[in-house]
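# Structural overview
The chain contents come next:
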Amino acid sequence: MYHLLAVDLDGTLLNKAHGVVSQRTINAIHAVLATGAHVAICTGRPHLMTTSIEDQLGVPVHCICYNGAVVLSPAPVLTSPHQRTILFKQTLTRSQVTLLSAAAEDLNLVATHHAHGHVAVRVRMEGEAQCAQWEEFNSVRELPLELVSDFECVELPVKMLLLAQDPQRAADRIRSKIEGVTVYPEDTFLDCIPSTVDKSVGVRKLCEALGIAMEQSVCFGDGVNDVEFLKAAGLGFAMANALEEVKAVANRVTRPPSLANTNSISSYFAKAVKSKAPPVSLGKATASSGTVPEAIDSNSNKHTPLAATPRLHSSLDDDDDAI
């Protein structure tokens, strides 16, 4: 029985060629939600860079962002409808920010400081390569941006993103110098988050808020930052395009799309949960209470269940299409 479907974005939910969600996948997600199950997108992106995905889906869903450092309910903040209720948030410490800033300066990297919903940038405009990186980053940003001379003057971030010409080399250097920080090297940057969080922590915090067990989650992913939540899920699916180390920890691997521009995840979504139970309020407070759920303290196990969840039955264990 599965109650929660959690899915990575880039390389998983999104069509890799165009960065969009296929109509088949949208239809399948709606079918899952109609059973009363919960759906969450789980990504390294900040929330404001996921809103266009929700627009494509046409329904609000839970969001686990910053690789698990922030968990958001679909329920808006009553005083600000454009903001989501924060269920969990874990920041870097002030000393970690100071050390990461110093490392970025030593390695001549552009350092960006991500508080939830806001980005501060400290840039040393030295060299054409760094200038080009900054211009590219600034051209595609979807977050409020502030140029600062010192990160000490802004709130603690949930992550720091460092633009790098050689992300793997920079990651190795930073890992050897700074404790308590997990570093994910990507193509052109490093994501640096507290080592106390990852996507599995985010999914677990969401499960606690929903009043369900981690074993009742189905998770899909393809990248290194998906390893932990695929291992922790009740049922973990690696995409056909996933790295071999990701496939090694998954319970199942999806088949490659039979035709270009379709995402094979859709065929598994439709089978993820089955139930005759009526739909429930997805991540919102009960109608009678008129209140929003309390935030989960990162240093506490206390939480407020968001809604009752019906029992859902899965046919994935008998799925002949999975490898």
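Numbering of residues starts from 1 in each chain and follows the order in which that chain's sequence is written. Only residues with pLDDT of at least 70 get local features here, since the model is predicted, and only at 80 or more are side-chain atom pairs given and counted; chain-wide, interface and lining totals rely on the full set of residues. Side-chain numbers come from the whole structure's heavy atoms, not from hydrogens or water.

### Considering the environment of Ile 26
Only DSSP runs of H or I reaching four residues or more are called helices, and only runs of E reaching two or more are called strands; each is numbered from the N terminus. With respect to the helices and strands, the residue Ile 26 is situated in helix H2 (residues 23–34). Look at Ile 26 and you get buried, because its relative accessible area is 10%. Along the sequence, Ile 26 and Gln 56 sit 30 residues apart, while their C-alpha atoms lie 7.8 Å from each other. Contacts are assigned to residue pairs that have any heavy atoms within 4.5 Å of one another. Excluding its chain neighbours within four sequence positions, the residues that come into contact with Ile 26 are Val 21, Gln 56 and Leu 57. The classification of residues rests on relative accessible area computed with a 1.4 Å probe and restricted to protein chains. Under 20% of the type maximum is buried, over 50% is exposed, and intermediate values are partly exposed.

### So, the pairing of strand E6 (residues 110–115)
Counting buried positions along E6 gives six out of six residues, so the element sits mostly inside the fold. Here E6 shows no split at all, with Val 110, Thr 112 and His 114 on one side and Ala 111, His 113 and Ala 115 on the other all buried. Two strands form a pair only when DSSP identifies at least two bridges running between them. Two elements, E6 and strand E9 (residues 159–163), share five bridges in a ladder whose sense is antiparallel. Note that in E9 the partner of His 114 across the bridge is Lys 159.

### Some details on the confidence of the model for the chain
Looking at the chain as a whole, the pLDDT averages 76, with 69% of positions reaching at least 70. Scored from 0 to 100, pLDDT records how confident the predictor is in each individual residue. Confidence drops under a pLDDT of 50 for residues 258–263, and excluding neighbours within four residues, the segment shows 14 contacts in the predicted structure. Confidence over residues 274–323 falls short of pLDDT 50; this stretch has 122 contacts with residues more than four positions distant or in other chains.

### Points about the pattern of salt bridges
For this analysis, a salt bridge means a side-chain nitrogen from Lys or Arg found within 4 Å of a carboxyl oxygen belonging to Asp or Glu. Scanning the entire structure with this criterion turns up seven salt bridges. Between Lys 199 and Asp 8 there is a salt bridge whose closest N-O contact spans 2.9 Å. With a gap of 191 residues between them, Lys 199 in helix H7 (residues 199–210) and Asp 8 in strand E1 (residues 4–8) connect regions that are remote in the sequence. The same class applies to Lys 199 as to Asp 8, namely buried. Among the salt bridges present, the one from Asp 10 reaches Arg 45, with a minimum N-O distance of 2.7 Å. Here Arg 45 lies in the loop between strand E2 (38–42) and helix H3 (51–57) and Asp 10 lies in helix H1 (residues 9–13), a separation of 35 residues in the sequence.

### Points about the side chain of Lys 199
Exposure remark for Lys 199: the relative accessible area of 1% places this residue in the buried category. As used in this structure description, the phrase polar contact means that two N or O atoms lie within 3.5 Å; if the pair is within protein, one of them must be able to donate a hydrogen and the other to accept it, and residues adjacent in sequence are counted only when both atoms belong to side chains. Here the side chain of Lys 199 touches Asp 8 through a polar contact of 2.9 Å, side chain to side chain. In contact with Lys 199, not counting residues within four places along its chain, are Asp 8, Cys 42, Thr 43, Gly 44, Asn 67, Gly 68, Asn 225, Asp 226 and Phe 229.

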